[in-house]
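Examination of the molecular architecture
So you can see what is in the structure, the chains are spelled out below.
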Number of protein chains: 2
Amino acid sequence: MDELFQFFKAFYPISPAAQEAITAISTEISMARNKDLQPIGHSCKTIYFLKKGIARIYYYKDGIDVTESFEFEHSIVARVESLFSGRPSRKGIQIVEDAELIAIDANKLFKLYDAFPEIERLFRKIFEAAHVNLVNRLESLQFHTAEERYNDLIKESPEILQRVPLKHIASYLGITQVSLSRIRAKR
Amino acid sequence: MDELFQFFKAFYPISPAAQEAITAISTEISMARNKDLQPIGHSCKTIYFLKKGIARIYYYKDGIDVTESFEFEHSIVARVESLFSGRPSRKGIQIVEDAELIAIDANKLFKLYDAFPEIERLFRKIFEAAHVNLVNRLESLQFHTAEERYNDLIKESPEILQRVPLKHIASYLGITQVSLSRIRAKR
DNA sequence: CGATTCTTTTTACATATGTTAAATAATCAC
DNA sequence: GTGATTATTTAACATATGTAAAAAGAATCG
């Protein structure tokens, strides 16, 4: 759990008591590549912290597998739109590279908010940061070409090419695999 | 301020004392069409509630005016990515239709969070809801055609066509005005 | 009202991306 | 290792969207 609390510290330091409370509602899991951490259709009742490996959130659009987002080690994985709305998610979480995770029971976590305002504040800040990232991602999808988006991606996470299949990168960028292949051939 | 507290209630009801505290850091403003509520380049230190009218958040990409989002009456207007990061925003807020607003001083609001956990919770929920909307918007930009996005938009806010110039709608949809015109001609 | 400006549409052409299918290349299971 | 499966690239063609310029239409202001 140390890595998790280290991660938390960057957002908002919490007391040992709060750490214990979070430990009590968390479990550690390992999961192999290509397994579904959470299947499509279920409500998201868990917030994951990725200690190691890669995960992606995906869904099907007209039968085609679309990657909504990737998460690498030391980040939070959750289907926010289900977590915050309580509705079942049309999205699943798949492990892309063998992963070690900490699973935090979301309902129990939300209950902790009353007793520990510091925990509420911590997660508020975590999701605010996620919100900022999302706004930037939106901007990139709204007015950058696919080629610009590809270049930005490998500039920001160069290792992604070694660790994630291109088909997933293509749909993440909002284009087909063929189109991504063409863009790559240009360079 | 009544309308504001009515709006709050749907997210999380707060005590009279909390309401007073918010009232004390808020001011009411009116602003005419085409005026800039907040110019590009400043840090966002204000959270607005739109009582009446329409606002848009916009920026320039390669010299072209791009609308990131529209807000209609009874919603919150804020450049979140600046508000949460503290960094100056490359985006501005423009009034699209004569507006009446309540301006909440963001720094003072954040200070209230310590004394009033209920206020922190309220705004946490407000921005969580905004986050959910953003995820859905992302999905629409990532894998719907421009035509689908246009149809979805007028289905969801039909009055937008009467109240917002098409040039702004075009950039909001991530396409040029010419392209939007073509899509409209089809129907 | 008439002139000016701003908005929207239209046209013609260029480019980017999608679709389908086939060919390679890489990976996996036995 | 070998065959089967999966991933990636390439080709050929169709379609959507971008760009630039002009025309038409609507709103604004003296």
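Residues numbered from 1 in each chain as written. Chains lettered and ligands numbered in written order. Predicted model: local features only at pLDDT ≥ 70, side-chain atom pairs only at ≥ 80, totals over all residues. Heavy atoms only, no water.

Quick look at the interface of chain B and chain A
The test is simple: Contacts are assigned to residue pairs with any non-hydrogen atoms lying within 4.5 Å of each other. Here the buried area means the combined drop in accessible surface, using a 1.4 Å probe, for two parts upon being joined, counting both sides. We define a salt bridge as a contact between a side-chain nitrogen of Lys or Arg and a carboxyl oxygen of Asp or Glu at a distance within 4 Å. In the analysis that follows, any N or O atom pair within 3.5 Å is treated as a polar contact, provided that within protein one partner can donate a hydrogen and the other can accept it, and provided that, for residues neighboring in sequence, both atoms belong to side chains. Numbered from the N terminus, helices here are DSSP runs of H or I no shorter than four residues, and strands are runs of E no shorter than two. When residue character is reported, Ala, Val, Leu, Ile, Met, Phe, Trp, Tyr, Cys and Pro are called nonpolar, Asp, Glu, Lys and Arg charged, and the others, Gly included, polar.
Across the contact, 34 residues belong to chain B and 34 residues belong to chain A. Across the interface of chain B and chain A, roughly 3,600 Å² is buried in total on both sides, 61% from carbon and sulfur atoms. Per-residue buried area on chain B facing chain A is highest for His 131, Gln 142 and Phe 143 of chain B; these three make up 20% of the total on that side. Inspection of the region where chain B meets chain A yields 12 salt bridges. In this structure, the salt-bridge partner of Glu 139 of chain B is Lys 91 of chain A, at a minimum N-O distance of 3.2 Å. The interface formed by chain B and chain A includes 20 residue pairs in polar contact (both at pLDDT 80 or more). If one sorts the elements of the side of chain B that touches chain A by residue count, helix α5 (residues 117–143) of chain B sits on top with 16 residues. Of the residues belonging to the side of chain B that touches chain A, the class tally is 15 nonpolar, six polar and 13 charged.

Describing the protein's contact with DNA strand D
Put simply, the rule is: Any residue with at least one heavy atom within 4 Å of a molecule or strand is counted as near it.
Around DNA strand D, 17 residues are found, and the nearest of them are Leu 166, Lys 167 and Ser 181 of chain A together with Arg 33 and Arg 182 of chain B. Take the atoms of DNA strand D that sit within 4 Å of the protein: sugar and phosphate atoms are 55% of them. Lys 167 of chain A has a polar side-chain atom sitting 2.6 Å from a phosphate oxygen of DNA strand D. Note that a phosphate oxygen of DNA strand D is positioned 2.9 Å from one of the side-chain N or O atoms of Arg 33 of chain B. At the level of elements, α8 (166–173) and α9 (177–186) of chain A together with α9 (177–186) of chain B are the ones that each hand at least two residues to the surface near DNA strand D. Examining the composition of the surface near DNA strand D, we find that six residues originate from one element, α9 of chain A, more than from any other. Looking at the surface near DNA strand D residue by residue, the class counts come to seven nonpolar, five polar and five charged.

A word on the protein's contact with DNA strand C
Taken together, the neighbourhood of DNA strand C is formed by 17 residues, with Arg 33 and Arg 182 of chain A together with Leu 166, Lys 167 and Ser 181 of chain B sitting nearest. Sugar and phosphate atoms constitute 55% of the interface atoms of DNA strand C, taking the interface as everything within 4 Å of the protein. Contact distances for DNA strand C include 3.1 Å between a phosphate oxygen and a backbone N or O atom of Thr 176 of chain A. At 2.8 Å from a base nitrogen of DNA strand C is found a side-chain nitrogen or oxygen belonging to Arg 182 of chain A. Elements represented by at least two residues in the surface near DNA strand C include exactly α9 of chain A together with α8 (166–173) and α9 of chain B. The leading source of residues in the surface near DNA strand C is α9 of chain B, at six residues. Taken together, the residues of the surface near DNA strand C break down into seven nonpolar, five polar and five charged.

Thoughts on the pairing of strand β6 (residues 92–105) of chain B
All names here are of chain B. The condition is simple: Exposed residues in this analysis have more than 50% of their type's maximum accessible area, buried residues have under 20%, and partly exposed residues fall in between, with area computed by a 1.4 Å probe over protein chains only. Whether two strands pair depends on DSSP finding at least two bridges between them.
Within β6, 10 of the 14 residues are buried, which leaves it mostly tucked inside the rest of the structure. Here strand β1 (residues 26–31) runs beside β6; their pairing, made up of six bridges, is antiparallel. Its bridge partner being in β6, Glu 28 is matched across the sheet by Ile 102. Sheet analysis places strand β2 (residues 36–38) next to β6, joined by two bridges and oriented antiparallel. Looking at the pairing, Asp 36 lines up with Gln 94 of β6. In this structure, strand β3 (residues 46–61) lies alongside β6, joined through 11 bridges in antiparallel fashion. When the sheet's bridge partners are listed, Tyr 58 is paired in β6 with Gly 92.

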